[in-house]
Amino acid sequence: MFNETARKLFDKFEMGKAYYISKGSLRVANKQYKTVHNDYEMTLNENSVVEEAHDSGIVIPETKFNFVSIDQLAPFVNGRDLVDVIGVVQNVSSTMSIRRRSDNELIPIRDITIADESKKTVVVSLWNDLATTVGQQLLDKVDKSPVVAIKSLKVGEFT
């Protein structure tokens, strides 16, 4: 049921907007099984209702980052912890596609290479809409050395 609910509700959410959510559950997060540092977790199901909040007085909290230097990423490779990184975009690949095993669907992917003050680089893979939207914006501006901050990055090693 989780996948169906996620597909149903995914398009309702937009970055920078606030929502009223009902008919879900809120509980204390079990830190043993979570890679994020939230105190609570919200679970939505097929009966959950999501409505955009149009109230003018809503304040959306700022995103807080805990940046890890690129030269300090090694202990996080293939681990459970997620990290935040910041760096200057050095290179942006063209969009590629890979076929998902579970349903044979083609998924867009694009790699960006970023560097930070440690003078090290890391390749970050952008998937789905990020590959085609943000990835294209970065490709269009790569000659201007844009800076990107990425939250909750899963660190893996791919060959």
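Report follows, based on the coordinates.

What about the packing of aromatic side chains?
Stage number 1. Counted according to the given criterion, the structure contains two aromatic pairs.
Stage number 2. For the ring pair Phe13 and Tyr19, a centre distance of 5.1 Å and an interplane angle of 65° mean the geometry is edge-to-face.
Stage number 3. Taking the relative accessible area as the measure of exposure, Tyr19 reaches 18% and is therefore buried.
Stage number 4. Considering the side-chain rings of Phe65 and Phe67, the 4.9 Å spacing of their centres and the 10° angle between planes classify their relative orientation as stacked.
Stage number 5. Residue class for Phe65 comes out partly exposed when judged on its relative accessible area of 36%.
Stage number 6. What makes Phe67 partly exposed here is its relative accessible area of 37%.
Stage number 7. One residue, Lys151, lies across the ring of Phe65, its end atom 5.5 Å from the ring centre.

The rules behind these values
- Residues numbered from 1 in each chain as written.
- Predicted model: local features only at pLDDT ≥ 70, side-chain atom pairs only at ≥ 80, totals over all residues.
- Heavy atoms only, no water.
- Phe/Tyr/Trp six-rings, centres within 6.5 Å; stacked < 30°, edge-to-face > 60°.
- Buried < 20%, exposed > 50% of the residue type's maximum accessible area, 1.4 Å probe, protein only.
- Lys NZ or Arg CZ within 6 Å of the ring centre and 35° of its normal.

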